[in-house]
Amino acid sequence: MSVTENNVSEAMREGVVIPATSRAERFTSYDVEAFEVPGGREENWRFTPMKRLRGLHDGSAAASGSATVDADAAPELKIEQVGRDDERLGAAGVPSDRIAAQAYSSFTEATVITVPKETKTSKPSTVKITGPGEGKVAYGHVQVRAEQFSEAVIVLDHTGSGTYADNVEFVIGDSANVTVVSVQDWADDAVHVSEQHLKLGRDASLKHIVITLGGDLVRVSPTATFADKGGDVEMLGLYFADEGQHQEHRLFVDHAVPNCKSRVMYKGALQGDGAHTVWVGDVLIRAAAEATDTYELNRNLVLTPGARADSIPNLEIETGEIEGAGHASATGRFDDEQLFYLQSRGIGEDAARRLVVRGFFHEILVKIGVPEVRERLEAAIEAELEAVGV
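Definitions and limits used
- Residues numbered from 1 in each chain as written.
- Predicted model: local features only at pLDDT ≥ 70, side-chain atom pairs only at ≥ 80, totals over all residues.
- Heavy atoms only, no water.
- Helix = DSSP H or I, 4+ residues; strand = E, 2+ residues; numbered from the N terminus.
- Rg over C-alpha atoms; globule rule 2.2 N^0.38 Å.
- Buried < 20%, exposed > 50% of the residue type's maximum accessible area, 1.4 Å probe, protein only.
- Contact = heavy atoms within 4.5 Å.
- Areas by Shrake-Rupley, 256 points an atom, 1.4 Å probe, with all protein chains shown as cover.
- Lys, Arg positive; Asp, Glu negative; His and termini not counted.
- Charge placed at Lys NZ, Arg CZ, Asp CG, Glu CD.
- Pairing = 2+ DSSP bridges.
- 1 Å grid on protein atoms, 1.4 Å probe; cavity = no way out; pocket = protein on both sides within 12 Å on 5 of 7 lines; lining within 4 Å.
- Points joined across faces, edges and corners; volume = space filled by probe spheres on them.
- Nonpolar A, V, L, I, M, F, W, Y, C, P; charged D, E, K, R; others polar.
- Axes fitted to C-alpha atoms, helices over the stretch in contact; angles between N-to-C directions.
- Polar contact = N/O pair within 3.5 Å; in protein donor to acceptor, adjacent residues only side chain to side chain.
- Salt bridge = Lys/Arg side-chain N within 4 Å of Asp/Glu carboxyl O.

(A) Inspection of the overall build of the chain at higher detail. Broken down by element type, the chain carries 5 helices and 18 strands. For the chain, the C-alpha radius of gyration of 21 Å lies close to 21 Å, the compact-globule estimate for 390 residues. For the chain, the spread of C-alpha atoms along the principal axes amounts to about 65 × 55 × 50 Å. Relative to its full complement of 390 residues, the chain shows a buried share of 53%. Counting contacts in the chain only where the partners sit at least 6 residues apart, residues at least 24 apart contribute 86% of the total. Taken as a whole, the chain presents about 16000 Å² of accessible surface, with 46% of it coming from carbon and sulfur. Looking at charge distribution, the chain has the averaged site of its 38 positive side-chain charges lying 2 Å from that of its 62 negative ones.

As structure tokens, then:
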């Protein structure tokens, strides 16, 4: 059964929620009014505390400030501030929810970062995005363009206060090899809703890493698509939620062409009353996507009572001609056997617990590939554990 936009709109006006039968039917548009105002019962929003979005979802959050963008970039990169009319914008994907469409309609200036053709950058580049300030609202847009046969490592570092919604695009050209790290290290008051669009060309390789530490509410939604054969995307994530924090990560990998590969691995830890994390991983293998190779994994470690982790992996396959496909998800507390093993060798209980948490995250940390970011994360994790005496 096909659910059209009109069917959905009419049903929602009558108070009935009709979920799409397939991720292939996901509606996208640049027009804010093409989306109904979500009420929180929809599948895409049922875990999100709508009141804490501060009006981003219903149009009441008018821009009252602006985020600042500063770069410490490799000299080979080209960084531009462009207007809304730049024809390159939107190349990686179209907004798939009302907040993303609102962000696309509301930004005044976009940052475009270009890695020139056949260029290997001399160092990792950091683009720091600072929120508009406490009580203020801002919308933004960033596009990273890696031209053919280029190589680069780019860190998007989000800090500061306020309410911020944006679209981030990664346009990866043929045979390019790029690592991008999106760090959400916001102040305690911040709300950040980000839709990230990943588009890979022929034989392109992208390592996309999402790290979420701070903020009152953070929701990051990466979507990966393939423009041609041979694309390889690795999507990694690390998140740590404290008391009262809501962290939500919604991924979609759309395999629509043959001979592409995707790997997804997200790990999160939670502590404190009301800490809530949500991970939703959707993978679609369309009928034309023969020889696809995909796997997704999510693990959550609950450190204290009162914290909650929701994890939902989904895999939809429309062809039997694939290399492999699978998913796994688990949520649990400390492994008593691991603690006993460490304590039996003379390690104190507190130190043993810290070792277990560090070991839990180690698989992600070693894949980051940016020493400064990895060291910063290790210090942040240690600080989180100190806060509750773990």
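(B) Structural context of the pairing of strand E16 (residues 293–302). The buried fraction of E16 amounts to 7 of the 10 residues, a majority that puts the element mostly inside the structure. Pairing analysis gives 9 bridges linking E16 to strand E18 (residues 324–332), with the strands arranged parallel. Directly across from asparagine 298, in E18, lies its bridge partner serine 329.

(C) View of the pairing of strand E15 (residues 276–285). Here E15 lies mainly inside the structure; 10 of its 10 residues are buried. Neither face of E15 is left uncovered, since the one carrying His276, Val278, Val280, Asp282 and Leu284 and the one carrying Thr277, Trp279, Gly281, Val283 and Ile285 both have all their residues buried. Of the pairings in the sheet, the one linking strand E13 (residues 246–255) to E15 comprises 10 bridges and is parallel in character. Bridge pairing in E15 places glutamate 248 opposite valine 278. Looking at chain direction, E15 and strand E17 (residues 308–317) are connected through 10 bridges and run parallel. Residue pairing in the sheet places threonine 277 in a bridge with alanine 309 of E17.

(D) Molecular detail of the layout of surface pockets. Size it by volume and the second largest pocket reaches roughly 280 Å³. Of all the secondary-structure elements, those providing two or more residues to the lining of the second largest pocket are strand E3 (110–115) and strand E5 (137–146). With 4 residues, the single largest contributor to the lining of the second largest pocket is E5. Across the lining of the second largest pocket, the residue classes break down as 9 nonpolar, 8 polar and 1 charged.

(E) How the structure looks around the sheet that holds strand E11 (residues 217–226). Here 9 strands make up an open sheet; going across it, the order is E2-E3-E5-E7-E9-E11-E13-E15-E17 and the pairing mixed. Where the open sheet ends on each side, the last strands, each with one partner, are strand E2 (78–82) and E17. Each strand axis lies, on average, 10° off the axis of its neighbour in the sheet, ignoring direction. The strands touched by helix H2 (residues 98–106) are E5, strand E7 (163–172) and strand E9 (191–200); relative to E7, the strand with the most contacts, the crossing angle is about 85°.

(F) Fine view of the sheet that holds E16. Spatially, E1-E4-E6-E8-E10-E12-E14-E16-E18 is the arrangement adopted by the 9 strands of the open sheet, whose pairing is mixed. Because the sheet does not close on itself, it has two edges, and the strands there are strand E1 (68–72) and E18. Sheet twist, expressed as the mean angle between neighbouring strand axes with direction ignored, is 10°. Pairing analysis gives 10 bridges linking strand E12 (residues 232–241) to strand E14 (residues 261–270), with the strands arranged parallel. The residue of E14 that forms the bridge with tyrosine 239 is glycine 268. Most of the contacts of helix H4 (residues 349–368) go to E14, to which it runs at about 140°, and overall it touches strand E8 (177–184), strand E10 (205–212), E12, E14 and E16.

(G) Here's a closer look at H2. The element H2 is largely enclosed, with a buried count of 7 among its 9 residues. As for H2, its buried residues are in contact with E5, E7 and E9. N-cap assignment for H2: the residue whose side-chain oxygen lies 3.1 Å from the backbone N of isoleucine 99 is aspartate 97.

(H) Representation of the side chain of aspartate 157. Structurally, aspartate 157 can be placed in strand E6 (residues 151–159). Within the structure, the side chain of aspartate 157 is placed 2.9 Å from the side chain of arginine 376, a separation counted as a polar contact. What aspartate 157 contacts, discounting residues up to four positions off in sequence, is Thr126, Val127, Lys128, Ile129, Val183 and Arg376.

(I) Structural view of the pattern of salt bridges. All chains considered together, the criterion is met by 17 salt bridges. One salt bridge in this structure joins aspartate 86 and arginine 88, with 2.9 Å as the shortest N-O distance. Here aspartate 86 falls in the buried class, since its relative accessible area comes to 18%. Arginine 88 gets classed as partly exposed once you look at its relative accessible area, which sits at 23%. Taking the shortest distance from any N to any O, the salt bridge between aspartate 185 and arginine 376 comes out at 3.0 Å. Of this pair, aspartate 185 sits in the loop between E8 and E9 while arginine 376 sits in helix H5 (residues 371–387), placing them 191 residues apart in sequence. Taking relative accessible area as the criterion, arginine 376 reaches 30% and is therefore assigned partly exposed.

(J) Region of interest: empty space enclosed by the protein. The final tally for this structure, using the stated rule, is 1 cavity of 30 Å³ or more. Its boundaries defined by the atoms lining it, the largest cavity holds a volume of some 50 Å³. Here the residues of the lining of the largest cavity are counted per class, giving 4 nonpolar, 2 polar and 4 charged.

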